[in-house]
Amino acid sequence: MNKVLWVMVPAEITLVVCLLAGVDVPAPVVWTAEAVVLTLVAIEAALVRRHYRAARLAGAARRDALARAVEAAVPATARRLLVNEARGVTSLVRWVARRRHGVREGDLAAAYTGPQTAMMYGLLFVSVVETVALAMLIPWPLVHMILLVLDVYGVLMVLALHAACVTRPHVVGADGSLRIRWGALFDMPIGSGQITSVRVERRYPDGSLIKIDEPGGTLDLIVGGQTTVRVDLTEPVEFVRPMGGRGTATAVRFHADDPAALVARFTRLRKTLTEAPGVAADEDGITSGVA
């Protein structure tokens with residue numbers, strides 16, 4: 001069912017856009033597509049209803065029962081994908097309005113988009129050029145419209161991805177907490193009491209966005225092939241991967257465009273907020289001995 005949804009949702013969106021644009025889509029194609037979609041909707045509705053009734057019989061409230069039913073019936077990957085795309089679209093609105101998500105008064109917002117901005121705009125430029133080139137080369141209206149929809153969707157997602165990274169920065173909370181993020185795809189809150197030390201540490205690890213050396217080990221959140229800040233933790237802290245997988249880490253390395261400012265702010269806050277003895281900060285902004 002999960003794989004079918006991955007294919008059918010984009011196909012249905014493409015078909016609707018083609019019809020709205022006036023493309024002459026053969027009637028059998030429309031009937032077949034709608035029959036498949038209605039069948040999938042009916043199957044999902046039946047599954048949701050069955051799980052909802054089971055939850056209600058177990059004593060759950062209506063809202064909790066519905067939440068459990070949706071969680072049980074709809075694949076986790078599909079739910080996560082829809083949530084990520086919705087957050088990306090709302091980030092576009094925040095970007096235009098110059099508003100940031102999750103930054104309160106007294107917090108420090110730490111940007112991290114520096115190493116990837118040129119790549120994002122380069123990808124956007126290539127996508128636009130591809131869209132224009134295909135529009136000029138493809139003579140068949142139906143194929144042309146399908147590819148146009150996919151290309152415009154791709155351009156929108158690239159913009160949404162960059163907007164999410166701009167409007168969802170890392171946050172040093174006024175209470176000494178940290179919130180480490182990458183757009184709408186990664187969000188790891190760390191309480192003040194869970195942090196042993198924060199220091200500037202520039203590294204150039206290999207790998208994708210998220211990399212962990214071993215379960216419960218050091219997590220790397222890589223931006224532009226680099227990390228600049230290291231956070232050591234008092235205990236394993238849970239994090240959620242972009243598609244819903246979970247893990248734990250006892251240390252986190254991530255990138256900030258101005259790591260020295262982030263570490264200095266954290267150190268000042270820790271000095272101000274911590275009353276327990278044995279807390280100190282050295283010249284490099286390393287805090288240690290946190291109770």
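All of the points below concern the structure found in this document.

We now examine the side chain of Thr167. By the secondary structure assignment, Thr167 is in helix H6 (residues 141–167). In this structure Thr167 comes out as buried when scored by relative accessible area, which is 2%. Not counting residues within four places of it along the chain, the set of residues in contact with Thr167 comprises Ser91, Arg94, Trp95, Arg99, Arg100 and His101.

Okay, unusual backbone geometry next. A positive phi angle, close to 55°, is found at Arg98, a residue other than glycine. Since its relative accessible area comes to 78%, Arg98 is described here as exposed.

A few words on the pairing of strand S7 (residues 218–221). Side chains Thr218 and Asp220 project from S7 onto one buried face, and the interleaved Leu219 and Leu221 project onto a second face that is buried too. Alignment of strand S6 (residues 210–212) against S7, held across three bridges, turns out to be antiparallel. Paired with Ile212 across the strands is Leu219, a residue of S7. Bridge analysis of S7 against strand S9 (residues 246–254) gives four bridges, and the strand direction is parallel. In the sheet register, Leu221 faces S9, and the bridge partner there is Phe254.

Strand order in this open sheet of four strands is S1-S2-S3-S4, and the pairing throughout is antiparallel. Of all the strands in the sheet, just strand S1 (108–110) and strand S4 (186–190) have a single pairing partner and so form its edges. Pairs of neighbouring strands in the sheet enclose a mean axial angle of 15°, with direction left out of account. Bridging between strand S3 (residues 178–182) and S4 involves five bridges; their strand directions are antiparallel. Within the sheet, the bridge partner assigned to Leu178 lies in S4 and is Ile190.

A few words now on the environment of Ala67. The topology assignment puts Ala67 in helix H3 (residues 62–73). For Ala67, a relative accessible area of 46% translates into the label partly exposed. As a C-alpha pair, Ala67 and His51 span 16 residues in sequence and 9.8 Å in three-dimensional space.

With that settled, consider helix H7 (residues 259–273). Look at H7: 21 Å from first C-alpha to last across 15 residues, which is about the 21 Å you get at 1.5 Å a residue. Of all the positions in H7, only Pro259, Leu262, Val263, Phe266, Thr267, Leu269 and Arg270 are classed as buried. When H7 is viewed along its axis, its buried side chains cluster within an angular range of 165° and face the same direction. The exposed residues of H7 that point more than 90 degrees off its buried face are Arg268, Lys271 and Thr272.

Quick look at the nonpolar core now. Counting residues in hydrophobic clusters, the biggest one holds 30 residues, and the most contacted among them are Val198 and Leu262. For this core, the secondary structure elements donating two or more residues are S3, S4, strand S5 (195–203), S7, strand S8 (227–240), S9 and H7. The biggest single contributor to this core is S8, with five residues.

Positionally, Tyr112 belongs in the loop between S1 and helix H5 (114–137). For Tyr112, a relative accessible area of 0% puts it in the buried group. Distance from Tyr112 to Val166, taken between C-alpha atoms, is 8.0 Å for residues 54 residues apart in sequence. With residues near it in sequence (within four places) discarded, Tyr112 still touches Ala164, Cys165, Arg168, Pro169, His170, Arg181, Trp182, Gly183, Val223, His255, Ala256 and Asp257. At 3.3 Å, the side chain of Tyr112 forms a polar contact with the backbone oxygen of Cys165. A distance of 2.7 Å separates a polar side-chain atom of Tyr112 from the backbone oxygen of Arg168.

Of all the 14 residues making up S8, ten are buried; the element is thus mostly covered by neighbouring parts of the structure. Examined bridge by bridge, S5 and S8 share six bridges and lie antiparallel to one another. Considered in S8, the bridge of Ile195 is made with Leu233. Where S8 hands over to S9, the hairpin turn is made up of five residues, of which Gly244 adopts a positive phi near 105°.

About the thresholds
Residues numbered from 1 in each chain as written. Predicted model: local features only at pLDDT ≥ 70, side-chain atom pairs only at ≥ 80, totals over all residues. Heavy atoms only, no water. Helix = DSSP H or I, 4+ residues; strand = E, 2+ residues; numbered from the N terminus. Buried < 20%, exposed > 50% of the residue type's maximum accessible area, 1.4 Å probe, protein only. Contact = heavy atoms within 4.5 Å. Pairing = 2+ DSSP bridges. Axes fitted to C-alpha atoms, helices over the stretch in contact; angles between N-to-C directions. Expected span 1.5 Å × (residues − 1). Arc of directions from axis to C-beta. Core = buried A, V, L, I, M, F, W, Y, C linked by side-chain atoms within 4.5 Å. Polar contact = N/O pair within 3.5 Å; in protein donor to acceptor, adjacent residues only side chain to side chain.

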